[in-house]
Amino acid sequence: MKKFAIAAATATALTLTMANAAFAQQSTQAPMTLAAGEVTKAKEATSDTWITTKVKADLMTEKGVPGSDIKVETNKGVVSLSSDVAITDAQKEMAVAIAKKIKGVQAVSADGLKSE
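About the thresholds
Residues numbered from 1 in each chain as written. Predicted model: local features only at pLDDT ≥ 70, side-chain atom pairs only at ≥ 80, totals over all residues. Heavy atoms only, no water. Helix = DSSP H or I, 4+ residues; strand = E, 2+ residues; numbered from the N terminus. Buried < 20%, exposed > 50% of the residue type's maximum accessible area, 1.4 Å probe, protein only. Contact = heavy atoms within 4.5 Å. Pairing = 2+ DSSP bridges. Axes fitted to C-alpha atoms, helices over the stretch in contact; angles between N-to-C directions. Salt bridge = Lys/Arg side-chain N within 4 Å of Asp/Glu carboxyl O. Right-handed = clockwise from strand over helix to strand, strands pointing away.

Asker: Got a minute to help me understand the overall build of the chain in this structure?
Answerer: Helix and strand counts for the chain come out as three helices and three strands. In sequence order, the chain lays out its α and β elements as α-α-β-β-α-β. The 116 residues of the chain split such that 22% are buried. Restricting the contact set of the chain to residue pairs at least 6 apart, pairs at least 24 apart contribute 59%.

Asker: What should I look at first to understand the sheet that holds strand S3 (residues 107-112) in this one?
Answerer: Sheet strands associate in pairs through backbone hydrogen bonding, adopting either a parallel or an antiparallel arrangement. In spatial order, the strands read S1-S2-S3; together these three strands make up an open sheet with mixed pairing. Across the chains shown, the open sheet's two edge strands, defined by having one partner strand only, are strand S1 (70-75) and S3. Direction aside, neighbouring strands of the sheet carry axes that sit 25 degrees apart on average. In the sheet, S1 pairs with strand S2 (residues 78-83) via six bridges, with the strands oriented antiparallel. Residue pairing across strands places Val72 opposite Leu81, the latter belonging to S2. Against the sheet, helix H3 (residues 89-100) makes contact with S1, S2 and S3, and its axis sits at roughly 155 degrees relative to S3, the strand it touches most.

Asker: Would you mind showing me how to read the environment of Thr52 here?
Answerer: Examined against the element boundaries, Thr52 turns out to sit in helix H2 (residues 30-61). In this structure, Thr52 is in contact with Val72, Glu73 and Thr74, ignoring residues within four places of it in sequence.

Asker: Help me understand the environment of Val85 in this model?
Answerer: Counting through the fold element by element, Val85 comes out in the loop between S2 and H3. Considered as a pair, Val85 and Pro66 are 19 residues apart in the sequence and their alpha carbons are 9.3 Å apart. Ignoring sequence-local partners within four residues, the contact set of Val85 consists of Asp69 and Lys114.

Asker: Help me understand the pattern of salt bridges, please; the structure alone is not making it clear to me.
Answerer: Close approach of charged atoms allows side chains with opposite charge to pair. Evaluated as defined, the whole model comprises two salt bridges. A salt bridge links Asp58 to Lys54, with the nearest nitrogen and oxygen atoms 3.2 Å apart. A residue pair is termed a helical-turn pair when its members lie 3 or 4 positions apart in one helix, as Asp58 and Lys54 do in helix H2 at four residues. With a relative accessible area of 22%, Asp58 lands in the partly exposed category.

Asker: Looking at this model, I keep getting lost on the side chain of Ser83. Mind explaining?
Answerer: Tracing the backbone shows Ser83 in strand S2. Note on Ser83: relative accessible area 6%, which makes it buried. Once you skip the residues sitting within four places of it in the chain, Ser83 turns out to touch Asp69, Ile70, Gly112, Leu113 and Lys114.

Asker: Is there a simple way to think about the pairing of S3 in this case?
Answerer: Moving residue by residue along a regular strand, the side chains alternate between the two faces of the sheet. Summarising the sheet, S2 and S3 pair through four bridges and their orientation is parallel. Bridge pairing links Val79 to Val108 in S3. Between S2 and its parallel partner S3, the chain crosses via H3, and the hand of that crossover is right-handed.

In structure tokens:
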């Protein structure tokens, strides 16, 4: 009985070792490549979220700009400003200038802002 238990334990240990080796050979590069791509996407998304938040906060605190009426969206560093309420040309120019000053902003589109 003791010999059987030792043989079974040895067989189990060898099976697990071989399974680990086979798994390691199958997935040596792919997970790292996948992870690097996901990290890049996560950084980009975080950056866009940060830019959107910063632009919106700066618009809200700027006197003379109706920050609560301006919608801000960011995609790959490009900020898009839009509104349902008409704003003056001066307010539009100020909103664009505020967005352009934010670190990470590549471009600003104000086509969605309604002018008076």
